[in-house]
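What follows is each chain in one-letter form.
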Amino acid sequence: MHAATQAQPAERTSGEAMAAPRLTPTQLQVLRCVHSGLLNKQIAYELGMAEATVKVHMTAVMRKLNVRNRTQAAIAAGQFGW
């Protein structure tokens, strides 16, 4: 019974909330905009950068969050409380 008690929290920890990946301040800003539903062009205008730069940041964010698309990134942002 003791082993089952120990296994349960370990499963929750690994499946539920891993340590939040480290994002740069700009990556966090871009992610917040994506979470708000803005398009890359709108994010670029909002943050005063080129649309291509937004795409570079989003690629890095998705890689760090280990997600495949913007929707998954936005969901992850909500889960991490960003």
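Residues numbered from 1 in each chain as written. Predicted model: local features only at pLDDT ≥ 70, side-chain atom pairs only at ≥ 80, totals over all residues. Heavy atoms only, no water.

Participant: Hey, could you run me through the confidence of the model for the chain in this one?
Facilitator: The predicted coordinates should not be examined in detail at positions where pLDDT is low. Chain-level statistics for the chain give a pLDDT mean of 83 and a share of 78% at 70 or above. Mean pLDDT across the elements of the chain bottoms out in helix H1 (residues 2-16) (41) and peaks in helix H3 (residues 40-47) (98). In the model, residues 2-16 has pLDDT below 50 throughout and makes 2 contacts with residues more than four positions away in sequence or in other chains. (pLDDT = per-residue confidence, 0-100. Helix = DSSP H or I, 4+ residues; strand = E, 2+ residues; numbered from the N terminus. Contact = heavy atoms within 4.5 Å.)

Participant: Sorry, what's going on with the nonpolar core here?
Facilitator: In a soluble, globular protein the nonpolar side chains are often hidden away together inside. In terms of nonpolar packing, the biggest core is built from 18 residues, with Val 30, Leu 31, Val 34, Ile 43, Met 58, Leu 65 and Ala 73 touching the most fellow members. Apart from residues no more than four positions distant in its own chain, Leu 65 is found in contact with Pro 21, Leu 31, Ala 73, Ala 76, Phe 80 and Trp 82. (Core = buried A, V, L, I, M, F, W, Y, C linked by side-chain atoms within 4.5 Å. Buried < 20%, exposed > 50% of the residue type's maximum accessible area, 1.4 Å probe, protein only.)

Participant: I keep staring at the side chain of Gln 27 and nothing clicks. Help me out?
Facilitator: Examined against the element boundaries, Gln 27 turns out to sit in helix H2 (residues 25-35). Not counting chain neighbours up to four residues away, the residues in contact with Gln 27 comprise Arg 22, His 57, Ala 60, Val 61 and Lys 64.

Participant: Any chance you could explain H3 here in plain terms?
Facilitator: Given 3.6 residues per turn, any residue in an α-helix points the same way as the ones three and four places further on. Within H3 the residues assigned to the buried category are Asn 40, Ile 43 and Ala 44. Buried positions in H3, seen along its axis, are confined to an arc of 100 degrees and lie on one side of it. Residues Lys 41, Tyr 45 and Glu 46 are exposed on H3 and point more than 90 degrees away from its buried face. Of the residues flanking the end of H3, it is Gly 48, one or two places downstream, whose phi is positive at about 65 degrees. (Arc of directions from axis to C-beta.)

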